[in-house]
Amino acid sequence: MNDQEMMALAFKEAAKGLGHTWQNPLVGAVICKHHQLLATGYHHAFGQMHAEINALSHLKNPNDARGATMYVTLEPCSHFGKTPPCAKKLVEVGIKRVVIGQRDPNPIVSGKGIRILEAHGIQVTVLGTTGELNRAYNFFFSIIGR
């Protein structure tokens, strides 16, 4: 499977949270290694674990994350809120590459998650393909960013 197909799967995962994540965005994640799907996850509800952590929790062996690629529909968070920063967890578990569907427009995160990943040698690709998942979230941050 290529990046677009894996991101489409992450998008489907994200949609499972529809109606339950507000004030957080919908986010889905997929973990692959050696062209094999290892785990999927999504953000189930506001205040619960984020999609990246949910996907990691579904790995049969936590060590499988080392050297894997994660596809996530929104830039991993970089701050402590109701949960710890996902970007730092991805570094900790040894993810090698992160493919992101959309940069997070929230100024608390925007670009910071990507910088954490890259500063630790993780290859980051931003596709810019999943913005329609969170239209209201994106609109809100486009208004306050003016």
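Residues numbered from 1 in each chain as written. Predicted model: local features only at pLDDT ≥ 70, side-chain atom pairs only at ≥ 80, totals over all residues. Heavy atoms only, no water.

## A look at the sheet that holds strand S4 (residues 97–100)
Whenever strands of a sheet pair, they do so through backbone hydrogen bonds, lying parallel or antiparallel.
Okay, so step 1: Read from one edge to the other, the open sheet built from five strands follows the order S2-S1-S3-S4-S5, with strand pairing classed as mixed. The sheet terminates laterally at strand S2 (36–42) and strand S5 (123–126), the two strands that pair on one side only. Strand after strand, the sheet turns through a mean of 15 degrees between neighbouring axes, direction not considered.
Okay, so step 2: Across the sheet, helix H1 (residues 3–15) is in contact with strand S1 (28–33), S2, strand S3 (69–72) and S4; its angle to S1 comes to roughly 140 degrees.
Okay, so step 3: Each of S4 and S5 touches helix H4 (residues 112–119); the most contacted strand, S5, lies at about 150 degrees to it. (Pairing = 2+ DSSP bridges. Helix = DSSP H or I, 4+ residues; strand = E, 2+ residues; numbered from the N terminus. Axes fitted to C-alpha atoms, helices over the stretch in contact; angles between N-to-C directions. Contact = heavy atoms within 4.5 Å.)

## Topic: the environment of alanine 8
Okay, so step 1: Assignment of secondary structure puts alanine 8 in helix H1.
Okay, so step 2: Judged by relative accessible area, which is 38%, alanine 8 ranks as partly exposed.
Okay, so step 3: Note: C-alpha distance between alanine 8 and threonine 129 (121 residues apart in sequence) is 9.2 Å. (Buried < 20%, exposed > 50% of the residue type's maximum accessible area, 1.4 Å probe, protein only.)

## Some details on the UniProt feature "domain: CMP/dCMP-type deaminase" (unreviewed entry) in the protein chain
Okay, so step 1: In the numbering adopted here, UniProt assigns the feature "domain: CMP/dCMP-type deaminase" (unreviewed entry) to residues 1–125.
Okay, so step 2: As a span, residues 1–125 carries 29% helix and 19% strand, and end to end its C-alpha atoms are 16 Å apart. (UniProt positions renumbered as here; feature names shortened; annotations may be inferred.)

## Thoughts on helix H5 (residues 135–144)
Okay, so step 1: Within H5 the residues assigned to the buried category are Tyr137, Asn138 and Phe141. Each buried residue of H5 sits inside an arc of 95 degrees when the element is viewed along its axis, so together they form one side. Seen from the open side of H5, the exposed residues pointing more than 90 degrees away from its buried face are Arg135, Ala136 and Phe139. (Arc of directions from axis to C-beta.)

## Considering the packing of helix H3 (residues 86–93) against H4
Between two packed helices, the angle of one axis relative to the other and the distance separating the axes together describe the packing.
Okay, so step 1: Axis separation between H3 and H4 bottoms out at 9 Å; the angle between their running directions is 15 degrees. As the angle between them shows, H3 and H4 are arranged roughly parallel. With respect to the hand of their crossing, H3 and H4 are arranged in right-handed fashion. Contact residues: H3 offers Ala87, Lys88, Leu90 and Val91, while H4 offers Gly113, Ile116 and Leu117.
Okay, so step 2: Here the residues of the contact of H3 with H4 sort into five nonpolar, one polar and one charged. (Parallel < 35°, antiparallel > 145°, perpendicular 65-115°, else oblique. Left-handed = near helix turned anticlockwise from the far one by under 90°. Nonpolar A, V, L, I, M, F, W, Y, C, P; charged D, E, K, R; others polar.)

## Thoughts on the pairing of S2
Okay, so step 1: As paired elements, S1 and S2 share six bridges and run antiparallel to each other. When the sheet's bridge partners are listed, glycine 28 is paired in S2 with tyrosine 42.
Okay, so step 2: Between S1 and S2, which pair antiparallel in sequence order, lie two residues; one of them, histidine 34, sits at a positive phi of approximately 50 degrees.

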